[in-house]
Amino acid sequence: MNPREIVQYADSIEASIGDLDKAVSLIYTSGEKSFHVEKYSINGKPMVIVKLNRNEGISSSTEKYYFKNDTLVLIRQVASSRKSSHEAVKNQRIFIRNNVPFKEDLRFAANQEDLAKLPFQEFRNTKLLSTNYADSTIVLNDALEGSNAFEMVFDQYIAAESGSYILLKSKLPGGYTANVKVNERDPFIDSLEMNPLVFKDTKLRFKWSLKNNEAIYVPVLVKVTSAKGLNR
């Protein structure tokens, strides 16, 4: 496909994204920076993987990786930063054919409204051909699956009137952390609170959803016993 066809293909994915199967990662934090990953698939095949980055109060960005027949064809990046109360916005596109990037273009402006009025300008990047974007998609899938650098283990459980949280940390020293808010209790949460040392530094198995940039614990059905709740 040529660049025009690739853009049309990506736009068609966006138009039907509500009908695709969705998977989300935890929100991983390191210092002031955090990110999470969303994956949209059909029949098990990825259509687009999205990485949402945040640096609280300073910058944010969204990276979208579009696939056709399990092959990466386009990366779209939208980034905004605040400097001296002014917001700068940049759009970037990287076109890929046979796993090799062949074109990159971008546009930038002071705000989103001005940005939408501008055409993309081709950008000559000498590092483009040497960039291995396959490695980026491996990292994104690791974040979704909670593996390698994103394998999280239980650190502690905090119960308070202002909110209860499961605190997780990377299995690797000095790695990422992740918090999961608990709005509804179940036998697993009871076990976690009463016997935290049993779970310390172990990998927990539970479900979560994302709401307003926060991971929310999804409780197990009431009929599940507390013994089954001790699921590690």
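No experiment lies behind these values; they were computed from the predicted model shown.

## Some remarks on the confidence of the model for the chain
Here is step 1: Averaged over the chain, the pLDDT score is 89; the fraction of residues at 70 or greater is 91%.
Here is step 2: The least confident element of the chain is helix 6 (residues 226-229), whose mean pLDDT is 43; the most confident is helix 1 (residues 3-15), at 97.
Here is step 3: Counting contacts from residues 224-232, a segment whose pLDDT is below 50, to residues more than four positions away or on other chains yields 16 contacts.

## Examining the pattern of salt bridges
Here is step 1: Evaluation of the coordinates by the stated rule reveals 9 salt bridges.
Here is step 2: With its nearest N and O atoms 3.1 Å apart, the salt bridge here joins Lys45 to Asp70. Placement of Lys45 in strand 4 (residues 45-55) and of Asp70 in the loop between strand 5 (59-68) and strand 6 (71-83) is noted, with a sequence separation of 25 residues between them.
Here is step 3: Taking relative accessible area as the criterion, Asp70 reaches 45% and is therefore assigned partly exposed.

## Here's the deal with the side chain of Lys181
Here is step 1: Mapped onto the fold, Lys181 is located in strand 12 (residues 177-182).
Here is step 2: Apart from residues lying up to four places away in sequence, Lys181 is in contact with Ser164, Tyr165, Glu214, Ala215, Ile216 and Tyr217.

## A closer look at the packing of aromatic side chains
Here is step 1: Enumeration according to the criterion identifies 12 aromatic pairs in this entry.
Here is step 2: Ring centres of Phe150 and Tyr176 lie 5.1 Å apart, and the angle between their planes is 20°; on these two criteria the pair is classed as stacked. Separated by 26 residues along the polypeptide, Phe150 in the loop between helix 3 (133-145) and strand 10 (152-158) and Tyr176 in the loop between strand 11 (164-170) and strand 12 bring together distant segments of the chain.
Here is step 3: The class for Tyr176 is partly exposed, based on a relative accessible area of 25%.
Here is step 4: Plain terms: the ring middles of Phe188 and Phe199 are 6.0 Å apart, the flat faces sit at 90° to each other, and that makes the pair edge-to-face. Here Phe188 is found in helix 4 (residues 187-194), whereas its partner Phe199 is found in helix 5 (residues 196-199), with 11 residues between them in sequence. You'll find Phe188 and Phe199 in the same group, each marked buried.
Here is step 5: Taken together, the ring pairs connect Phe154, Phe188, Phe199, Phe206, Trp208 and Tyr217 into an aromatic cluster.
Here is step 6: A cation over a ring is seen here: Lys51 above Phe35, with NZ or CZ 4.7 Å from the ring centre.
Here is step 7: In this arrangement the basic side chain of Arg93 is found over the ring face of Phe120, its NZ or CZ atom lying 3.7 Å from the centre.

Parameters and conventions
Residues numbered from 1 in each chain as written. Predicted model: local features only at pLDDT ≥ 70, side-chain atom pairs only at ≥ 80, totals over all residues. Heavy atoms only, no water. pLDDT = per-residue confidence, 0-100. Helix = DSSP H or I, 4+ residues; strand = E, 2+ residues; numbered from the N terminus. Contact = heavy atoms within 4.5 Å. Salt bridge = Lys/Arg side-chain N within 4 Å of Asp/Glu carboxyl O. Buried < 20%, exposed > 50% of the residue type's maximum accessible area, 1.4 Å probe, protein only. Phe/Tyr/Trp six-rings, centres within 6.5 Å; stacked < 30°, edge-to-face > 60°. Lys NZ or Arg CZ within 6 Å of the ring centre and 35° of its normal.

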